[in-house]
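So the chains spell out like this:
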Amino acid sequence: SPVVGMPVAFMLAKTGATVTVCHSRTRDLAAHTRIADIVVVAAGHPGLVTGDMLKPGAVVIDVGINVVDGHLVGDVDFASAREVASAITPVPGGIGPLTNALLLAHLVRAAQKQVAARQSNDPQPAAKAAAQPTAKAAPQPAAQPAAKAAPQPAAQPAAKAAPSGDA
């Protein structure tokens, strides 16, 4: 699968492993799986790999999640494979909890990176906070109308009262 199979293949190849990538329509799939020390199955086909297709002592990692007759099963026939494999992941309960834990870890890491990126792109919070009140206090549009409103009513009657009192 492009989600699991190919990334695992690349990861194993980076460690120096010889990797063979197969799929559900690979001719003579059993010929490939019988010589493999590690078999990672993520094909989306329940029971695709059986015990008779495995090399004795192989490690089997079943990533498949399928619902058959209301039950979760993997891509490997667990009953026959566990008789041959030295280790096998069960379905459910094998890779699923690990997948959930890794997804959560990646989610947390991504959130931390976003927070760090925002903090590095913004000015320092203290400098930003100090600059905002100064910028708002200087123009203060509310102070100007109050100054205009006070002189108009008070200044005009006073100006009119003074000439009439002198006359």
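Residues numbered from 1 in each chain as written. Predicted model: local features only at pLDDT ≥ 70, side-chain atom pairs only at ≥ 80, totals over all residues. Heavy atoms only, no water.

With that out of the way, let us pick up unusual backbone geometry. Among all residues save glycine, negative phi is the norm, and among peptide bonds the norm is trans. Put simply, Val91 and Pro92 share a cis peptide bond, and its omega is -5°. Structurally, Pro92 can be placed in the loop between strand S5 (87-88) and helix H4 (95-121). Its identity as a non-glycine residue notwithstanding, Asp28 has a phi of 50°, on the positive side. Notably, Asp69 is not glycine yet its phi reads approximately 50°, a positive angle. By the secondary structure assignment, Asp69 is in the loop between strand S3 (66-68) and strand S4 (71-73). (Helix = DSSP H or I, 4+ residues; strand = E, 2+ residues; numbered from the N terminus.)

Our focus in this paragraph is the side chain of Asn66. Mapped onto the secondary structure, Asn66 falls in strand S3. Since its relative accessible area comes to 9%, Asn66 is described here as buried. Only 3.4 Å separates the side chain of Asn66 from the backbone oxygen of Gly74, close enough to count as a polar contact. Each residue touching Asn66, except ones within four places of it in the same chain, is listed here: Gly44, His45, Pro46, His71, Leu72, Val73, Gly74 and Asp75. (Buried < 20%, exposed > 50% of the residue type's maximum accessible area, 1.4 Å probe, protein only. Polar contact = N/O pair within 3.5 Å; in protein donor to acceptor, adjacent residues only side chain to side chain. Contact = heavy atoms within 4.5 Å.)

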